[in-house]
Amino acid sequence: MATMPPRIEALKESVVRILPQCDELHIYLNHFSEVPAFLIHPKITTYLGFEHIGDMGDVGKFYNCENWKDAYIFTVDDKILYPIDYTKKMIATIQKYKRKAVVSAHGRIFNDRKCTSYYFDCKVFRGCLMGFAKDEWVHEIGTGAMAFHTSTIPQVDLEVFPKTNMTDIYFSMWLQELNIPMMNPARANRWIGISTKHDDNYSIHNICNKNDAVQTNLVNSVEWKINTL
């Protein structure tokens, strides 16, 4: 997980939801001068940005990934409220597809033509708040509600992300290069929630959707394909 000071109240809610479901929680603290007291916990490892490699935006959620071991990795978001059965169901989906796919509750299928807007022009949008009756393979997945087993993909080098706050696109492009399938699972509507305490002025979506030319051009530079098992 990566976070920053304006998101601290939402962060509290998100941590409360996800911490009981994991063995270790790693949090990259962008722009923090000290570790908040509520993050001092035996299961939590924190990284103050100024002590490491500075402000990384959402790329921080992948910091120190080179040290992972044989495990299930979940990349999570500081404003999402994860249900009590979140890790259980995500792991079940990973196992269903024999650890050959990366699973995310947020995904897109792009059109067969160039898109006019990354945020507003795609063929299918399967957002994490939405419910769907069936599993579906997608072109792109969201890293705020993503999980995989370490046997599925190589260790993630931060060079995968040339720019900050675009991890969904860059990570999905990398998986495309590796021909690794991306799965958006069936789920109930509002199975995942969003904290009402987050300030949307600091959300990547709200900041970028008014001018998403960079994201749109990047998406249009890729010949997207749906990989399946």
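This text goes with the structure placed above it.
Residues numbered from 1 in each chain as written. Predicted model: local features only at pLDDT ≥ 70, side-chain atom pairs only at ≥ 80, totals over all residues. Heavy atoms only, no water.

Colleague: A description of the pattern of salt bridges should follow, citing residues and the corresponding values.
Modeller: Where charged atoms from two side chains of opposite charge approach closely, those side chains can pair. If you walk through the whole model with that rule in mind, you get ten salt bridges. Across the pair R126 and E136 runs a salt bridge, and its minimum N-O distance is 3.2 Å. One end of the pair, R126, is in strand β8 (residues 124-126); the other, E136, is in strand β9 (residues 136-137), with ten residues separating them in the sequence. One network of salt bridges, in which partners are shared, links R7, D77, D78 and K79. (Salt bridge = Lys/Arg side-chain N within 4 Å of Asp/Glu carboxyl O. Helix = DSSP H or I, 4+ residues; strand = E, 2+ residues; numbered from the N terminus.)

Colleague: Give me the pairing of strand β2 (residues 25-29): which residues, what numbers.
Modeller: Of all five residues that make up β2, four are buried, and the element is covered over most of its length. Inspection of the sheet shows strand β1 (residues 2-3) paired to β2 by two bridges, in the parallel sense. When the sheet's bridge partners are listed, T3 is paired in β2 with L29. Handedness of the β-α-β unit built from β1, helix α1 (residues 8-18) and β2 comes out right-handed. Bridge count for β2 against strand β3 (residues 44-48) is five bridges, and the pairing is parallel. Residue pairing for β3: Y28 is matched across the bridge by Y47. (Buried < 20%, exposed > 50% of the residue type's maximum accessible area, 1.4 Å probe, protein only. Pairing = 2+ DSSP bridges. Right-handed = clockwise from strand over helix to strand, strands pointing away.)

Colleague: Can you tell me about the state of the cysteines, naming the residues and giving the values?
Modeller: This model, assessed by the stated rule, comprises zero disulfides. Residue C22 stays outside any disulfide, its sulfur separated by 14 Å from that of C65, the closest cysteine. Using a relative accessible area of 17% as the deciding quantity, one classes C22 as buried. (Disulfide = S-S within 2.5 Å.)

Colleague: Describe the packing of aromatic side chains, listing the residues and the values that go with them.
Modeller: Tallying each qualifying case throughout the model produces 13 aromatic pairs. Taken together, a centroid distance of 5.6 Å and an interplanar angle of 35° make the contact between Y86 and W191 tilted. You can see Y86 sitting in helix α2 (residues 86-96) and its partner W191 sitting in the loop between β12 (182-184) and β13 (193-194), a full 105 residues away along the chain. Note on Y86: relative accessible area 0%, which makes it buried. A relative accessible area of 16% places W191 in the buried class. Geometrically, the ring pair formed by F161 and F171 is stacked, given 6.4 Å between the ring centres and 10° between the ring planes. In this pair, F161 is assigned in the loop between β11 (145-149) and α3 (167-178) and F171 in helix α3, connecting sequence segments ten residues apart. Judged by relative accessible area, which is 0%, F171 ranks as buried. Taken together, the ring pairs connect F62, F148, F161, F171 and W174 into an aromatic cluster. (Phe/Tyr/Trp six-rings, centres within 6.5 Å; stacked < 30°, edge-to-face > 60°.)

Colleague: So what about unusual backbone geometry? Which residues, and what values?
Modeller: Of note in the backbone geometry, N64 takes a positive phi value of approximately 75° without being a glycine. Along the polypeptide, N64 turns up in the loop between β3 and β4 (72-76). One non-glycine residue with positive phi stands out, namely N179, at about 60°. For N179, the position within the fold is in the loop between α3 and β12.

Colleague: Outline the sheet that holds strand β7 (residues 107-109), supporting the account with residue identities and numerical values.
Modeller: What the three strands build is an open sheet, ordered β8-β7-β10; its pairing is antiparallel. In this open sheet, the two edge strands, each paired with only one partner strand, are β8 and β10 (140-141). Inspection of the sheet shows β7 paired to β10 by two bridges, in the antiparallel sense. Each residue of the ladder has a partner; that of R108, found in β10, is E140.

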